[in-house]
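# Structural features, examined
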Amino acid sequence: MKPPLDPRKFERAFSVLDQYERAWWRVHECLGLRMDEGNRLLRTDPDFESGMIHVPGTKTEDAECYLPMSPALQTELKSYLASRTDDSPYLFPGRSAQTKGKKIYSHRRLFEKILRVTAYNAYMAEHPGTKPMAAWKALKAEKYPGGVKLTTKELRDYFATQVSAQV
């Protein structure tokens, strides 16, 4: 049985993200998109005048839709887009040497970062005065206990939980 979602986990995870990652996170958190739906978004899909975002269909063209963007999502996306200097058509293009500017298929590294950094922050809070390198070595040896482990699917589940709580 899956344990209930803990909003504090999501807050801890969000707190360690950079601007690109925060925008990607908000899109999935606020819209409940599947991973591939988020990966296929184009830079031109958000329409800030109407407050809507175009979401291309994942299986057929008939599956495309327009969803309303919350004020928090609009603010995050505007800030993110204003900071971009590349010319990639994708809303969230790859950033590594192999995927730079291209559509990416996995956000594994994002979730690994969340696990590592949240584990480090928790460790340092419990062991103040520990040297950073010693903390990283201890955490790596123990596979980052106390870190937040999440997936894109859990962001979708979090969205559904938030929506159902509003009804």
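Note that the coordinates shown come from a computational prediction; the quantities given were computed from them, not determined experimentally.

Quick notes on the rules
- Residues numbered from 1 in each chain as written.
- Predicted model: local features only at pLDDT ≥ 70, side-chain atom pairs only at ≥ 80, totals over all residues.
- Heavy atoms only, no water.
- Salt bridge = Lys/Arg side-chain N within 4 Å of Asp/Glu carboxyl O.
- Buried < 20%, exposed > 50% of the residue type's maximum accessible area, 1.4 Å probe, protein only.
- Helix = DSSP H or I, 4+ residues; strand = E, 2+ residues; numbered from the N terminus.
- Arc of directions from axis to C-beta.
- Polar contact = N/O pair within 3.5 Å; in protein donor to acceptor, adjacent residues only side chain to side chain.
- Axes fitted to C-alpha atoms, helices over the stretch in contact; angles between N-to-C directions.
- Parallel < 35°, antiparallel > 145°, perpendicular 65-115°, else oblique.
- Left-handed = near helix turned anticlockwise from the far one by under 90°.
- Contact = heavy atoms within 4.5 Å.
- Nonpolar A, V, L, I, M, F, W, Y, C, P; charged D, E, K, R; others polar.

### A short note on the pattern of salt bridges
Under the counting rule described, the total for this entry stands at 13 salt bridges. Between arginine 8 and aspartate 6 there is a salt bridge, with its nearest N and O atoms 3.2 Å apart. Look at arginine 8 and you get exposed, because its relative accessible area is 58%. Among the ionic pairs, lysine 113 bridges to glutamate 21, the shortest N-O distance being 2.8 Å. Residue lysine 113 is found in helix H5 (residues 108–126), and its partner glutamate 21 is found in helix H2 (residues 19–31); the two are separated by 92 residues along the sequence. By the burial criterion, lysine 113 is buried, and glutamate 21 matches it.

### Remarks on helix H1 (residues 7–14)
Every α-helical turn comprises 3.6 residues, leaving residues that sit three or four positions apart pointing alike. Every buried residue of H1 is accounted for by Phe10, Ala13 and Phe14. Viewed end-on, H1 has its buried residues packed into an arc of 95°, placing them on one side of the element. Exposed and oriented more than 90 degrees from the buried face of H1 are Arg8 and Glu11. Measuring from the side-chain oxygen of the N-cap residue of H1 to the backbone nitrogen of arginine 8 gives 3.0 Å; that N-cap residue is aspartate 6.

### Regarding the packing of H5 against helix H6 (residues 132–141)
With their axes 10 Å apart at the nearest point, H5 and H6 run at an angle of 120° to one another. By the angle class used here, H5 and H6 are oblique. The element H5 and its partner H6 pack so that their crossing is right-handed. Contact residues: Arg116, Val117, Ala119, Tyr120, Tyr123 and Met124 in H5; Pro132, Ala135, Trp136, Ala138 and Leu139 in H6. In terms of residue class, the contact of H5 with H6 is built from ten nonpolar, no polar and one charged.

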